[in-house]
Amino acid sequence: MGTFRGLIGKWVLVAICLCLAAGLSAAQDQAPAPAAPVPAAAQPAAVPTPPAAPATPPAGDAAPDDSLNQVIAKGKDDLGAARKRIDRLSDAVDKAATDDQKLVDLKAQADDATRSILAVPVGLRPRFDAIKNRLTELGDPPGEGQPPEADIVAQERKQLTSERSLINALTGEAEDLSIAGTNLSNQITEMRRKLFTETLFRRSDVSVEMFNVAGTAFVKELSSLDNVFRSWIKFGLRYKQLPLLSAVLLSLTAALVFLAGGYRLFGHYIRRDEGIVDPPYITRLSVAFWSTTVQTISLGAFLVTSFFFLENFNILRSDVAPIIASVLGFVGVVYFVWKLAFSVFSPTRHDWRLVRVSNSGARDLCWAIMAMAMVSALDYVLNAVSAGLGSPVILTVAKSFTTSFIVGVLLVVISFFRPVLAENGDPEARGRPWPRILGVALRIIGIGLIFACLTGYVGLARFLASQIILTGAVVATMYIGFLSGKAVSKRNSFAETKLGRALQEKRGLGPVALDQIGLAAGLGIYAVALVTGVPLILLSWGFKTGDLEQWAFRLFTEIRIGSMTISLFGIVGGVLIFALGFLITRWLQKWLDNNVMERSQVDTGVRNSVKTGIGYLGIAMAALFGVSAAGIDLSSFALVAGALSLGVGFGLQNIVSNFVSGLILLVERPFKVGDWVVTGTTEGFVKRISVRATEIETFQRQSIMVPNSLFINASVGNWTHRNKLGRADISVVVNYDSDPRRIMELLTEIAESHPKVLRNPSPMAVFSAFGETTMTFELRAYLADIVNGGSVRNDLRLAIYERFRAEGLGMPFKTDVPVEEAKPEEAVSEPPGPQPAKDGKTSIVVNAQTGKAGG
């Protein structure tokens, strides 16, 4: 009765508290609050002031008027600045209609302006959602014939509606401006496309008079170039001695750093081992790829740093800088083509050659390719000289005509080479001609260049000639890289490389580890070839650095999938955060297990439960943080969660049941790792408990995965629930000639004489049953460790047999056992645990029963 009164008192107290809380909340809702006046200085003239309301919305539902006006004023200021920026960019586009580089910069600015415009409605979105939710809470205004709503509610509705109208107006203005910015960006793209087409297909008047005028202009250009460089050198030696010396020393230092660093890191991969007579193809590919890329990148870095030092020390003049840059570019391109050609064709070492060509064919192809590269690069330098000195356009046309014509003639000449290796495989023998298709293609391209030059399309011919050399060289290098990656990632191929043998000798890595490293190395080579090759090809085809920067920015920050925007940077960051959380979770599991629970001598089952729980919790948190860091809105998975819930209702209930049952097992712990359990037809030791299933190892060393729901919904026997104390029962069958009391005494003595049989509880012998021709006795002995009781039972049976034989008692086995009682397992060696019989007893050979309650 007292308990009942106490419960009533508690419920009354709770009801009083709830009523007081409801009254305070209602009082706060109805209490009017004066609207905060907005300073006049904080309200721009262009921003209409919302009508003042005599009440402030509840906290968390509406922002104060002054903060709202500040947000709207900032949005209008941003949109006004963006509109002016768009107009300014539009005027600049009209003025730079013929300058491709300026158009690239203007397009980047237009895209940036569009992104800043779209940020305005995004900043207003939270307030708009809050207004929408508050209006939904207020409901529709009362209709005709209905009682009017309270003044405080009407004023709040009016204020929220006014705010929503202002936000909608700003959002519409932002959408209009973003459309204007997008149109301007598309206009710039179209202008660049037309400019490129007009430049490429512009026709020039090719005649003898043109070459005469160009020759005269070329002579004047050489004279002007000589005067410019003479005056620049005198100026530098007289007034820029210290900066010039500093730039030269820094450039040489950079050269040594890049050269030494390249050989230090990749020396084993770029040098040909002269001691190898017939190197494997993977070795040849690796040397060709790394020697070409590493040494070219090293030289390119040296050339770039040299120009950087000369430019930043104010040594280069405005008329000299483009010429110096073109000369450095000439050196880099020629060196790259030379390294590539000699790596592929290897004219001096046929055993390192990557293609099946003869020695003479390799030499001819190397020199022909070098001639085309030098002619094309020299034309680039001469065009830069003409642009820097202000030479007439007719001179540039004549130079491009000469270069394209020479490249066309060289292609026609190359088409008549006989570079293919002879059928007998002798590299010194005279080679065979090109395959018919390839030879015809070379002739068509060469004749096409010559024809384009003669018909006046010099720009088109020059562009094609440049692409044949530059794009061909880059594509060849990428192809070698792909072949190298494929060869390295091939099964058991990485172990044959120098690096693979070194790792095998020094680190002791096995074939599987080396094969995985080879696969990763192959993927890395693919990535290097793509990252370096694709931008070079795009640049050679007329795209600018600004174009590549914009594409890279969009690729890494603005990947749109439907209405969701993700970024590669965010994804990489999310993956790194997940990996970091995973590592921290594993470290925390190991630290708690080895330094806290082991020192505290915590039970093995508790340690396993704690480790498992921390593991799942840590991985779940790491996944949550990783997904959030990747910029993926978890609310976008609402549809997936709904579908998953539907699937759980139809077909995944067993999985969910096992999951929940696993959590119950980990918390309740009816058994732990190492326990000896019996459920249904499964019996063995618990090896692992997870949230879905429990691993049980039988006495035959078979692992069985038992769903956790079976342990929750069915009876489970646990032989070692709280301790390992148990009872072993041994049945003894003798004939009627034996003395029952003597047999019981002997059985008791045998049990008490065994050192592993407990004295308390003491062993006992029982006359259990009469048979037609035999009597059945049971020896019940208690053991401290029932898990290891198999040896004890075996010792007891041997002792019983020997003692009975010495005493001359009846045989302790039935000699006329019916067929159905002769069990085949009696001839099998006993497993490490008991095997209960169907009647609850155990046979004399293989069974024992503990008498211990299951858990």
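Quick notes on the rules
- All residue numbers refer to positions counted from 1 along the written sequence of the respective chain.
- Local features in this predicted model are restricted to residues of pLDDT 70 or higher, and side-chain atom pairs are both shown and tallied only at a pLDDT of 80 or more, whereas totals for entire chains, interfaces and linings draw on every residue.
- Only heavy atoms go into the side-chain values, all of them from the structure, while hydrogens and water stay out.
- All axes here are fitted lines through C-alpha atoms, helices being fitted over the stretch that makes contact, and every angle between N-to-C directions spans 0 to 180 degrees.
- What counts as a helix is a DSSP run of H or I of at least four residues, what counts as a strand is a run of E of at least two, and both are numbered from the N terminus.
- Roughly parallel here means an angle under 35 degrees, roughly antiparallel means over 145, roughly perpendicular means 65 to 115, and every remaining angle is called oblique.
- Each crossing gets its hand from how the near helix is turned against the far one by less than a right angle, where anticlockwise is left-handed and clockwise is right-handed.
- Two residues form a contact once any of their heavy atoms are found within 4.5 Å.
- Each residue gets one label: Ala, Val, Leu, Ile, Met, Phe, Trp, Tyr, Cys and Pro are nonpolar, Asp, Glu, Lys and Arg are charged, and the others, such as Gly, are polar.
- Strand pairing requires that DSSP identify at least two bridges connecting the strands.
- Two N or O atoms count as a polar contact when they lie within 3.5 Å, although within protein this holds only if one can serve as hydrogen donor and the other as acceptor, and sequence-adjacent residues are included solely when both atoms are side-chain atoms.

**Student:** What is the right way to look at the packing of helix H10 (residues 393–415) against helix H11 (residues 436–454) in this model?
**Tutor:** A pair of packed helices can be characterised by two numbers: the angle between their axes and the separation between those axes. Running from N to C, H10 and H11 point in directions that differ by 160 degrees, and their axes come no closer than 8 Å. Between H10 and H11, the interaxial angle falls into the category roughly antiparallel. Viewed along their axes, H10 and H11 form a crossing whose handedness is left-handed. Taken together, the residues of H11 that come into contact with H10 (itself represented by Phe401, Ser404, Phe405, Val407, Gly408, Val409, Leu411, Val412, Ile414 and Ser415) are Gly439, Leu442, Arg443, Ile445, Gly446, Ile447, Leu449, Ile450, Cys453 and Leu454. Among the residues making up the contact of H10 with H11, the classes are represented as 14 nonpolar, 5 polar and 1 charged.

**Student:** Would you mind showing me how to read the sheet that holds strand E8 (residues 726–735) here?
**Tutor:** By way of backbone hydrogen bonds, the strands of a sheet pair with one another, either parallel or antiparallel. Read from one edge to the other, the open sheet built from 3 strands follows the order E8-E10-E9, with strand pairing classed as antiparallel. One side of each edge strand has no neighbouring strand; the edge strands of this open sheet are E8 and strand E9 (764–770). If you compare each strand with its neighbour and ignore which way they point, the axes differ by 25 degrees on average. Both E8 and strand E10 (residues 774–783) contribute to a ladder of 10 bridges, which runs antiparallel. If you follow Ala728 over to E10, its bridge partner there is Ala781. Of the strands in this sheet, E8, E9 and E10 are in contact with helix H21 (residues 740–753), which crosses E10 at around 25 degrees. Against the sheet, helix H22 (residues 790–807) engages E8 and E10, with an angle of about 25 degrees to E8.

**Student:** Any chance you could explain the sheet that holds strand E4 (residues 682–689) here in plain terms?
**Tutor:** Pairing is antiparallel in the open sheet, where 5 strands are placed in the order E6-E5-E4-E3-E7. The open sheet has two free edges, formed respectively by strand E6 (703–707) and strand E7 (717–718), since each of these has just one partner strand. Pairing of strand E3 (residues 676–679) with E4 involves 4 bridges; the strand directions are antiparallel. Bridge pairing in E4 places Thr679 opposite Thr682.

**Student:** Got a minute to help me understand unusual backbone geometry in this structure?
**Tutor:** Most peptide bonds adopt trans geometry, and most residues besides glycine take a negative phi value. For the bond from Asn760 to Pro761, the omega torsion is 0 degrees, close enough to zero to count as cis. In this fold, Pro761 is placed in the loop between H21 and E9. For Ser346, which is not glycine, the phi torsion reads 40 degrees and is therefore positive. Position of Ser346 relative to the elements: it lies in the loop between helix H8 (321–345) and helix H9 (359–389).

**Student:** What exactly am I supposed to notice about the side chain of Ser358 here?
**Tutor:** Tracing the chain through its elements places Ser358 in the loop between H8 and H9. A distance of 3.4 Å separates polar atoms of two side chains, one belonging to Ser358 and the other to Ser360. Setting aside its immediate chain neighbours within four residues, Ser358 contacts Arg353, Arg418, Pro419, Val420, Leu421, Pro427, Ala429 and Gly431.

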